[in-house]
Amino acid sequence: MVGGAIKRTLEQKGYVNLLLKTSSELDLRNQQAVYAFFEQEKPDVVIDAAARVGGILANNDYPYPFLMENMQMQNNLIDASLKRDVRKFIFLGSSCIYPKHAPQPLKEEYLLTDGLEPTNEWYAIAKIAGVKACEAIRKQFGKDYVSLMPTNLYGTHDNFDLHTSHVLPAMIRKFHEAKENGDLPVTLWGSGTPMREFLFVDDLAQAVVFALENTLPEHLYNVGTGEDLTIKELAETIQSAVGHKGEIVWDSNKPDGTPRKLMDISKMHALGWKHSVELKEGIEKTYAWFLDNLQSYKEVKL
Ligand SMILES: NC(=O)c1ccc[n+]([C@@H]2O[C@H](COP(=O)([O-])OP(=O)(O)OC[C@H]3O[C@@H](n4cnc5c(N)ncnc54)[C@H](OP(=O)(O)O)[C@@H]3O)[C@@H](O)[C@H]2O)c1
């Protein structure tokens, strides 16, 4: 989802010479293959949008690949970049790097000040290691290696598998299927009270290109909208966009995750970047794309 959005944005802005590989063409867990690729292609800039990504369920059930594969991929890319003298490296992390009970909104300086949310600590620890590797390279070698921490993302080409997806695409699929089956009730996880922030993936792509085209003075920046809503409000917004008329049932036996996760995005705003797609518009665009791709939307299996 993210890599594709960055590619579209770069192409729209006239960038050429993009080196793009699928995981089957270049498995980033394979150190030798990554070093050979860098040796041959000598990239000038690297944007790392590769990761094993998933929602609460996948993170909780598959701790080892979420920890190890993410570290393998990013370590190989970051180290090969340093060794091959890559001028600029943009590492993408996630808001889950911040402590579970950190004050809100989450400032970059809260990193490593308290314990993580246990359901996704494996993924978070891998991402923190990536942030620290880029910071260390910046500190020791003075290179322009920067980490962007996006809030929850959504948009076209998202993963709509009900076992591994994030909350927003899962809701789109559930409401759509319930509507198609005569407005059946939709059961959603948790109490509906946690608060979350969502950013349309094309806005993140714009932030990545902003980071590419400017030298950012610090090593770590949050990227989000700075606005959040309850999961219940999110469900109602999606229900209305989809046109589902049935009941919403909240299964409070399922975990809620972190009570609130709102990013402080004042650093990116001060540099001149701001999102442009509001949530309702982004959900409508995503649902329109979902309807156009009913036969082929992505379902990531673990
Ligand atoms: N989605 C979100 O809500 C969210 C929020 C915050 C941050 N992020 C960050 O954004 C980045 C991208 O996430 P996404 O949502 O775009 O995930 P995604 O749609 O699942 O894409 C993951 C990408 O990683 C590649 N990949 C996975 N394993 C690989 C391997 N072994 N070797 C090479 N490539 C591999 C996949 O390539 P193939 O398709 O070719 O297999 C795919 O292009 C991640 O760093 C994630 O932490 C995402």
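Not measured: the values here are computed from a predicted model.

Thresholds, definitions, all that
- Residues numbered from 1 in each chain as written.
- Predicted model: local features only at pLDDT ≥ 70, side-chain atom pairs only at ≥ 80, totals over all residues.
- Heavy atoms only, no water.
- Helix = DSSP H or I, 4+ residues; strand = E, 2+ residues; numbered from the N terminus.
- Rg over C-alpha atoms; globule rule 2.2 N^0.38 Å.
- Buried < 20%, exposed > 50% of the residue type's maximum accessible area, 1.4 Å probe, protein only.
- Contact = heavy atoms within 4.5 Å.
- Areas by Shrake-Rupley, 256 points an atom, 1.4 Å probe, with all protein chains shown as cover.
- Lys, Arg positive; Asp, Glu negative; His and termini not counted.
- Charge placed at Lys NZ, Arg CZ, Asp CG, Glu CD.
- Near = heavy atom within 4 Å.
- Polar contact = N/O pair within 3.5 Å; in protein donor to acceptor, adjacent residues only side chain to side chain.
- Phe/Tyr/Trp six-rings, centres within 6.5 Å; stacked < 30°, edge-to-face > 60°.
- Pairing = 2+ DSSP bridges.

Chemist: Teacher, can you tell me more about the overall build of the protein chain here?
Modeler: When helices and strands are counted, the protein chain shows 10 helices and 11 strands. For 302 residues, the compact-globule formula gives about 19 Å, and the C-alpha radius of gyration of the protein chain, at 19 Å, lands near that figure. Referenced to the eigenvectors of the C-alpha coordinate spread, the extents of the protein chain come out at roughly 60 × 40 × 40 Å. In the protein chain, which comprises 302 residues, the share counted as buried stands at 49%. At a minimum sequence separation of 6, the contacts of the protein chain that also span at least 24 residues come to 82%. Carbon together with sulfur atoms contributes 50% to the accessible area of the protein chain, which is approximately 14,000 Å² in total. Side chains of the protein chain carry 33 positive and 41 negative charges; the gap between the two charge centres is 3 Å.

Chemist: Could you clarify how one ought to interpret the site of the ligand in this entry?
Modeler: Around the ligand, the surrounding shell holds 24 residues, and the nearest of these are V2, S23, Y123, K127 and K298. In this structure, S23 approaches the ligand through a side-chain N or O atom, which is 2.5 Å from an oxygen atom. Between the ligand and A51, the relevant distance is 3.1 Å, taken from an oxygen atom to a main-chain nitrogen or oxygen of the residue. Contact with the protein chains covers 80% of the free accessible surface of the ligand, which is 890 Å². Elements supplying a minimum of two residues to the shell around the ligand: α5 (121-141) and β4 (152-154).

Chemist: Mind showing me how you'd approach the packing of aromatic side chains here?
Modeler: Geometry of an aromatic ring pair is reported as the spacing of the ring centres plus the angle between the planes. Here the structure, examined in full by the defined rule, presents 9 aromatic pairs. Between F37 and F38 the ring centres are 6.1 Å apart and the planes differ by 75°, which places this aromatic pair in the edge-to-face class. Take F37: its relative accessible area is 15%, and that puts it in the buried class. In this structure F38 comes out as buried when scored by relative accessible area, which is 2%.

Chemist: Please clarify how the sheet that holds strand β11 (residues 260-261) should be interpreted in this entry.
Modeler: The strand order β9-β6-β11 describes an open sheet built from 3 strands, whose pairing is mixed. A single partner strand is all that each edge strand has here, and the edge strands are β9 (229-230) and β11. Judged from the 2 bridges that link them, strand β6 (residues 195-196) and β9 form a sheet pairing that is antiparallel. When the bridges of β9 are listed, M195 appears paired with T230.

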